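As a plain string of letters, each chain reads:
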Amino acid sequence: MIRIISTLVCATIASCLYAQPVWLPTGPLPSGGTYSSQFRHVFTGMHNQAALAQLPALTAGAYTERRFMMKALSTYALALAIPAPPGAFGLTFVRFGAPLFYQQQLGLGYGRSLGDKVSIGLQADYLTLTMQQYGSAATFTFEAGCLLHITQQLYAGFHVFNPPARQLDKSGQQEIPVVYTAGLGYEASSAFLLSVEVIRETGQAFTTRVMSEYRLISQLSLQLGLATDPQLNGAGVSFSWEGLRIHLYGNYHPQLGITPATAVIWQLKKGTTLP
């Protein structure tokens, strides 16, 4: 019983004190590069499905983070993007929590281009919540997004998660929020990106994120980010070698401490074929 209570308390802390762009709390790494053409990767398609349209080849990724260094607040994510011109399909799986209490999301999405300036995306989600000794609850919902290529250097986007306000049970006690996200990205060059986004979740105050990424060389880049309400500061580094990218990232909360995160992304090189 003590383990169950501790897990529930941890999950409550995470959901209340961390800016989250989806029902499952995730860090800012998936959103980095969404509002750009030079910095997108497979996890930006998880943040806004319209970004799938700009992925040039088959790509897959694995992501993990440990919220405030607590095992009970771990997140694991897998993502796969399969090109299907004029767009791409995306398959994602995210799990947050511990064996006693966890949330899962399985998503199937598609993003496509509408000319050179606009791309759109849609994803169907199957959400589950499991609590030991209390059983499970599940529901279907969807999310959608669009991205605009305003100028050669300026990008904008909008995304909504769970617009029908679906709940996990008829009583409404297991609430799934509706989440709206809008952002802008400015590519000062092929080596530097600055982006800002605003997140509005039902029942919560607005959250603002500012993120930047700078490529020192093609194989090495640095990321910086901050978020308001709650206050979070983060930094990361990415290493690339041919079709492989490794991201190391960390966030800091003034009261709750450090959240480390790691992502590994593989992309099939252009001009090659599957064996």
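No experiment lies behind these values; they were computed from the predicted model shown.

What counts, and at which threshold
Residues numbered from 1 in each chain as written. Predicted model: local features only at pLDDT ≥ 70, side-chain atom pairs only at ≥ 80, totals over all residues. Heavy atoms only, no water. Helix = DSSP H or I, 4+ residues; strand = E, 2+ residues; numbered from the N terminus. Contact = heavy atoms within 4.5 Å. Salt bridge = Lys/Arg side-chain N within 4 Å of Asp/Glu carboxyl O. Buried < 20%, exposed > 50% of the residue type's maximum accessible area, 1.4 Å probe, protein only. pLDDT = per-residue confidence, 0-100. Pairing = 2+ DSSP bridges. Core = buried A, V, L, I, M, F, W, Y, C linked by side-chain atoms within 4.5 Å. Phe/Tyr/Trp six-rings, centres within 6.5 Å; stacked < 30°, edge-to-face > 60°. Lys NZ or Arg CZ within 6 Å of the ring centre and 35° of its normal.

(A) Inspection of the environment of Ala191 at higher detail. Relative to the assigned elements, Ala191 resides in the loop between β8 (179-189) and β9 (192-201). Considered as a pair, Ala191 and Gln38 are 153 residues apart in the sequence and their alpha carbons are 8.2 Å apart. Look past the residues within four positions of Ala191 in its chain and what remains in contact with it is Phe39, Glu213, Tyr214 and Arg215.

(B) A look at the pattern of salt bridges. The tally for this structure, following the rule as stated, stands at two salt bridges. One salt bridge in this structure joins Arg67 and Glu65, with 2.1 Å as the shortest N-O distance. Neither residue differs from the other here; Arg67 and Glu65 are each classed as buried. Residue Glu197 is joined to Arg209 by a salt bridge in which the shortest nitrogen-to-oxygen separation is 3.3 Å. In this pair, Glu197 is assigned in strand β9 and Arg209 in strand β10 (residues 207-217), connecting sequence segments 12 residues apart. In this structure, Glu197 and Arg209 share a single accessibility class: buried.

(C) Molecular detail of the confidence of the model for the protein. Of the residues in the protein, 84% have a pLDDT of 70 or more, and the chain-wide mean is 83. Here helix α1 (residues 2-17) stands out as the element of the protein with the lowest mean pLDDT, 43, in contrast to strand β7 (residues 154-161), whose mean of 96 is the highest. In this model residues 1-26 is a low-confidence stretch, pLDDT under 50, and it forms 70 contacts with partners more than four residues away in sequence or in other chains. For the stretch residues 271-275, pLDDT sits under 50, and the model shows two contacts to residues farther than four places along the chain or on other chains.

(D) Region of interest: the pairing of strand β11 (residues 220-227). Along β11, the buried face is formed by Ser221, Gln223, Gly225 and Ala227; none of Leu220, Leu222, Leu224 and Leu226, which line the opposite face, is buried. Pairing geometry for β10 and β11, over eight bridges, is antiparallel. Note that in β11 the partner of Val210 across the bridge is Leu226. Counted along the chain from β10 to the antiparallel partner β11, the turn is two residues long. In this sheet, strand β12 (residues 232-241) lies alongside β11 in antiparallel orientation, the contact comprising eight bridges. When the bridges of β12 are listed, Leu222 appears paired with Val237.

(E) The nonpolar core, seen in detail. Ranked by internal contacts, the top residues of the largest apolar core, which has 15 residues, are Val42, Phe43, Leu52, Tyr63, Ala77 and Ala81. Looking at this core, the elements with two or more residues in it are β2 (74-84), β3 (87-98) and β14 (257-267). When neighbours within four sequence positions are excluded, Val42 is seen to be in contact with Leu55, Thr59, Ala60, Gly61, Ala79, Leu80, Ala81 and Ile265.

(F) Highlighting the packing of aromatic side chains. Evaluated as defined, the whole model comprises five aromatic pairs. Its end group placed over the ring of Phe39, Arg215 keeps NZ or CZ at 4.2 Å from the ring centre.

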